[in-house]
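One-letter residues, chain by chain:
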Amino acid sequence: MARNSPAIATFVSLLVTLSLIKASQGAGGIAIYWGQNGNEGTLTSTCATGKYAYVNIAFLNKFGNGQTPEINLAGHCNPAAGGCRVVSDAIKSCQSRGIKVMLSLGGGVGSYSLASVADAKNVADYLWNNFLGGTSSSRPLGAAVLDGIDFDIEQGSTLHWDDLARFLSAYSSRGKKVYLTAAPQCPFPDRFLGAALNTGLFDYVWVQFYNNPPCQYSSGNTQNLISSFNRWASSLRNGKLFLGLPAAPAAAGSGYIPPNVLTSQVLPQIKTSPKYGGVMLWSKFFDDQNGYSSSIRASV
């Protein structure tokens, strides 16, 4: 039998590579927010469903401006008595499944702001020592080292979030990457996180395409949503863009997309973007009620 020439072998190798690339294009994951409803199950059970690639623990909703930081995980645990350290094993369990777990800063209710560059540095140091790879006697979620920090900034000052991103990113040099994620509102640019996102330091950006009619889905109209997604995609220097959606009609004031509309009319278009990363859902509680992730998972 004649031996294949180097040119043929190279051509075959190229075809295999291209087929693998094509297979991977458009493949995304689902990100979920957990922590704001005591009836949504444990973090361990959330990750054990196999539905989610990313989990944002919500929220650290008091920090900055000289305040003592506080985490609020609703009915899951009482941080004041150190009760949320039990979440540590759950975080490790999620990570053992390949799921990235972030601590989400901010939210719609809380007391948070950054008063200066120095304040941003202090908050970054606090996050590193209490949730990431540093050391502290307090560590509200125990010894587990989270994968990164999520910025869900919806109130307070618009300043210094870019500084916080830079300080946190700098900790990646200590051996374990600190992932940065963000959940801006869909009107572009986001008034709180625009400058931070312009740093190009964010790995995953799950834009909230809801509660903002000009850039979300409304009955029978997918164009505003798709146009907004494309505008966000063109603005990202690095990282992946996720379509942030309410997991049930009750999860947001507006912007809910029926699963069949999402899978047939929206995802086929936005998945053509090289920036596409997947879908973010608010929240685990509402996903449980509506089964949204199960309905869309095969198409994400």
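Chains are numbered independently. Their residues run from 1 in the order of the written sequence. Confidence filtering applies because this is a predicted model: local features only for residues at pLDDT of at least 70, side-chain atom pairs given and counted only at 80 or more, and all residues used for totals across whole chains, interfaces and linings. Side-chain descriptors were evaluated using all non-hydrogen atoms of the structure, hydrogens and water having been removed beforehand.

## A closer look at the state of the cysteines
Working step 1: Here, a disulfide means two cysteine sulfur atoms that sit within 2.5 Å of each other. Per the stated rule, a full pass over the model turns up three disulfides.
Working step 2: Cys47 shares a disulfide with Cys94; S-S distance 2.0 Å. The disulfide joining Cys47 to Cys94 has a torsion of about 95 degrees about its S-S bond and is therefore right-handed. On the criterion of sequence distance, the pair formed by Cys47 in helix α2 (residues 43–48) and Cys94 in helix α3 (residues 87–96) is long-range, its members being 47 residues apart. Residues Cys47 and Cys94 agree in their burial class; the two are buried.
Working step 3: If one numbers only the bonded cysteines of the chain, in the order they occur, the disulfide pattern is 1-4, 2-3, 5-6. Secondary structure elements follow DSSP: runs of H or I no shorter than four residues count as helices, runs of E no shorter than two count as strands, and numbering proceeds from the N terminus. For the exposure calls, accessible area comes from a 1.4 Å probe over protein chains only, and a residue counts as buried if that area is under 20% of its type's maximum, exposed if over 50%, partly exposed in between.

## A word on the packing of helix α4 (residues 117–131) against helix α5 (residues 161–170)
Working step 1: Only C-alpha atoms enter the line fits that serve as axes; for helices the fit covers just the stretch in contact. Angles between N-to-C directions range over 0 to 180 degrees. Two elements in contact, α4 and α5, have axes whose closest approach is 9 Å; the angle formed by their N-to-C orientations is 40 degrees. The angle between α4 and α5 falls in the class oblique. Between α4 and α5 the crossing geometry is right-handed. For the pair α4 and α5, contact is made by Val117, Ala120, Lys121, Val123, Ala124 and Leu127 and by Asp163, Leu164, Phe167 and Leu168, respectively.
Working step 2: Class assignment of the residues belonging to the contact of α4 with α5 gives a composition of eight nonpolar, no polar and two charged. Here roughly perpendicular refers to angles of 65 to 115 degrees, roughly parallel to angles under 35, roughly antiparallel to angles over 145, and oblique to all remaining angles. Each crossing is labelled by how the near helix is turned from the far one, with a counterclockwise turn of less than a right angle marking it left-handed and a clockwise turn marking it right-handed. Contacts between residues were defined by any pair of non-hydrogen atoms, one from each residue, lying within 4.5 Å. Throughout this entry, Asp, Glu, Lys and Arg are counted as charged residues, while Ala, Val, Leu, Ile, Met, Phe, Trp, Tyr, Cys and Pro are counted as nonpolar. The remaining residues, Gly among them, count as polar.

## With respect to the packing of aromatic side chains
Any pair of aromatic rings gets described here by the distance separating the centres and the angle formed by the planes.
Working step 1: In this scheme Phe, Tyr and Trp rings, the latter by its six-membered ring, pair at centre separations within 6.5 Å, and the angle between planes marks the pair as stacked below 30 degrees, edge-to-face above 60, and tilted otherwise. Per the counting criterion, the structure on display carries 21 aromatic pairs.
Working step 2: A centroid spacing of 6.0 Å and a plane angle of 20 degrees characterise the contact between Phe59 and Trp282, whose relative ring orientation is stacked. Of this pair, Phe59 sits in strand β2 (residues 54–63) while Trp282 sits in strand β10 (residues 276–282), placing them 223 residues apart in sequence. Accessibility assignment for this pair places Phe59 and Trp282 in one class, buried.
Working step 3: A centroid spacing of 6.2 Å and a plane angle of 35 degrees characterise the contact between Phe209 and Phe229, whose relative ring orientation is tilted. Of this pair, Phe209 sits in the loop between β8 (204–208) and α7 (223–235) while Phe229 sits in helix α7, placing them 20 residues apart in sequence. The residues Phe209 and Phe229 share a single accessibility class, namely buried.
Working step 4: A network of ring pairs unites the aromatic residues Tyr54, Tyr179, Tyr204, Trp206 and Phe242 as a single cluster.
Working step 5: In our convention, an over-ring charge means Lys NZ or Arg CZ found within 6 Å of a ring centre and within 35 degrees of that ring's normal. Its guanidinium or amino end placed over the ring of Phe167, Lys121 lies 6.0 Å from that ring's centre, counting from NZ or CZ.

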